[in-house]
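# Chain and residue survey
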Amino acid sequence: MKRETKTVWMYLLLIVGFWAFTFVTLNFWLKPYSEAYAETGTITVGYIVYALIGMVFSTPAPFLSVLILALSREQIGMKAFFSRIFHTENKQKTVLLTADFCMTALLFALLRGTPNGSPWYMLPLGLLVMIPFVGIAEEVGWRGFLQLELEKHMKFPFSVLTVAAIWDVWHIDLWLDPTSNHYGDSFIGFSINILVWAFALAALYKATKSIMACAVYHAFMDAIGAVYDWNALFDAFPGDLCTNLYRAVMLLGSAALWLYADRRGKTESRKAGLSTI
């Protein structure tokens, strides 16, 4: 087995390990504390442990898995690891593309979303919280590692479909926990959303080479839930005309961005090759 392939399998094993640990801990051992908090609103020591395990080992599992591999197999330092996360080749292009993706989602929310009653300032506040605890926590693993590694062995569309499938299954425990905000939601609608999102994020990374761009966009999408009914907005199935039009626009736009970035990358590689002759 090649070293690169072995690294991918080790990453997936770490993901499964973190998932199994948090699933058993949160859904069996500590579940009564979560249910009690949902019913009474009383914060107990058990609920604090429940929340901490979820915060440290559940959502950040992709980040932790890549960190473990980077420190153990690549043997790079923490400084080098974080410099990869924050590295951006073209800052202006990255900001413009990320803003475009975010504004498209916001426009969809304004046209189709149902406000949940929270004030608008909760959106930027939610974004600030989501960037480190959701965006970076997930995107370092999904786009910053797995997507890139799979592209070495398969074409872009198939690598995106593979990441989307793994990413989708990774969320399955949200439909098994009665206290989850996704419990009772449409898993099919969520899976479609994950597919669209996987293509959008992969294309954004392809064009910017920036993990932070993906982290900000991912966080912004989640932060929309601070002021809108997120599940009804993004996970609707089969969805109305506006919802499916948004999905189609995102898929087509992501495909166009990928093709542009791929062609430009090949052109630059050829130029670099000629310059060495």
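Placed above this text is the structure.
Residues numbered from 1 in each chain as written. Predicted model: local features only at pLDDT ≥ 70, side-chain atom pairs only at ≥ 80, totals over all residues. Heavy atoms only, no water.

### A word on the overall build of the chain
Of the regular secondary structure elements, the chain holds 12 helices and 0 strands. Ordering the α and β elements of the chain from the N terminus gives α-α-α-α-α-α-α-α-α-α-α-α. Computed over C-alpha atoms, the radius of gyration of the chain comes to 20 Å, within 12% of the 19 Å expected from 2.2 N^0.38 for 277 residues, which places it in the range of a compact globule. Here the C-alpha coordinates of the chain stretch approximately 70 × 45 × 30 Å along the principal axes. (Helix = DSSP H or I, 4+ residues; strand = E, 2+ residues; numbered from the N terminus. Rg over C-alpha atoms; globule rule 2.2 N^0.38 Å.)

### Some remarks on the packing of aromatic side chains
What the rule picks out here adds up to 24 aromatic pairs. Where Tyr47 meets Tyr50, the ring centres are 5.8 Å apart and the plane angle is 20°; that geometry is what we call stacked. With Tyr47 and Tyr50 both in helix H3 (residues 45–58), this residue pair falls 3 residues apart, about one helical turn. Judged on exposure class, the residue Tyr47 and its partner Tyr50 are both buried. (Phe/Tyr/Trp six-rings, centres within 6.5 Å; stacked < 30°, edge-to-face > 60°. Buried < 20%, exposed > 50% of the residue type's maximum accessible area, 1.4 Å probe, protein only.)

### Some thoughts on unusual backbone geometry
Put simply, Phe237 and Pro238 share a cis peptide bond, and its omega is 0°. Within the secondary structure, Pro238 is located in the loop between helix H11 (230–234) and helix H12 (241–275). The backbone phi angle of Gln75 is positive, close to 55°, even though this residue is not glycine. As for its placement among the helices and strands, Gln75 is situated in the loop between helix H4 (61–74) and helix H5 (78–86). Here Gln75 falls in the exposed class, since its relative accessible area comes to 64%. Of note in this structure, Lys209 is not a glycine but carries a positive phi near 55°. Along the polypeptide, Lys209 turns up in the loop between helix H9 (187–208) and helix H10 (211–223).

### Description of a nonpolar patch on the surface
Nonpolar side chains collect at one region of the surface, where Tyr37, Ile43, Ile48 and Leu52 lie side by side and expose about 370 Å² of accessible area between them. Mapped onto the elements, Tyr37 comes out in helix H2 (residues 31–40). Under the relative-accessibility criterion, Tyr37 is labelled partly exposed at 31%. (Patch = residues over 30% accessible without salt bridge, like charges linked within 9 Å, V, L, I, M, F, W, Y side chains within 5 Å. Areas by Shrake-Rupley, 256 points an atom, 1.4 Å probe, with all protein chains shown as cover. Salt bridge = Lys/Arg side-chain N within 4 Å of Asp/Glu carboxyl O.)

### Focus: the nonpolar core
If you look at the biggest cluster of nonpolar residues, it comprises 72 residues, and the most contacted ones within it are Tyr11, Phe81, Leu146, Tyr217 and Ile224. Sorting elements by how many residues they give to this core places H9 first, with 13 residues. Among all residues touching Phe81, those that are not within four sequence positions of it are Phe63, Val66, Leu67, Ala70, Ile76 and Val140. Counting residues in each nonpolar core, the second largest holds 5 residues, with Leu26, Leu30, Tyr47 and Ile53 among its members. (Core = buried A, V, L, I, M, F, W, Y, C linked by side-chain atoms within 4.5 Å. Contact = heavy atoms within 4.5 Å.)

### Thoughts on H10
Given a rise of 1.5 Å per residue, 13 residues ought to cover 18 Å, and the 18 Å separating the end C-alpha atoms of H10 matches this to within 8%. Most of H10 is tucked away, with 11 of its 13 residues classed as buried. Three or more residues of H10 are buried, namely Ile211, Met212, Ala213, Cys214, Ala215, Tyr217, His218, Ala219, Phe220, Met221 and Ala223. N-capping of H10 is provided by Ser210, with a side-chain oxygen placed 3.4 Å from the backbone N of Met212. (Expected span 1.5 Å × (residues − 1). Polar contact = N/O pair within 3.5 Å; in protein donor to acceptor, adjacent residues only side chain to side chain.)

### Overview of the packing of helix H7 (residues 122–151) against H9
Between H7 and H9, the least distance of the axes is 11 Å, while the angle of their chain directions is 80°. Between H7 and H9, the interaxial angle falls into the category roughly perpendicular. In contact with Glu139, Arg143, Gln147, Leu148 and Glu151 of H7, H9 contributes Ala198, Leu201, Ala202, Tyr205 and Lys206. For the contact of H7 with H9, the class distribution of residues is 5 nonpolar, 1 polar and 4 charged. (Axes fitted to C-alpha atoms, helices over the stretch in contact; angles between N-to-C directions. Parallel < 35°, antiparallel > 145°, perpendicular 65-115°, else oblique. Nonpolar A, V, L, I, M, F, W, Y, C, P; charged D, E, K, R; others polar.)

### Some thoughts on the packing of H9 against H10
The description of two packed helices rests on the angle between their axes and on the distance between the axes. Where H9 meets H10, the axes come as close as 8 Å, and the angle between the chain directions of the two elements is 150°. Relative to H10, the element H9 lies roughly antiparallel. The chirality of how H9 crosses H10 is right-handed. Facing Trp197, Ala200, Leu201, Leu204, Tyr205 and Thr208 of H9, the residues of H10 in contact are Ile211, Ala213, Cys214, Tyr217, His218, Met221 and Asp222. (Left-handed = near helix turned anticlockwise from the far one by under 90°.)

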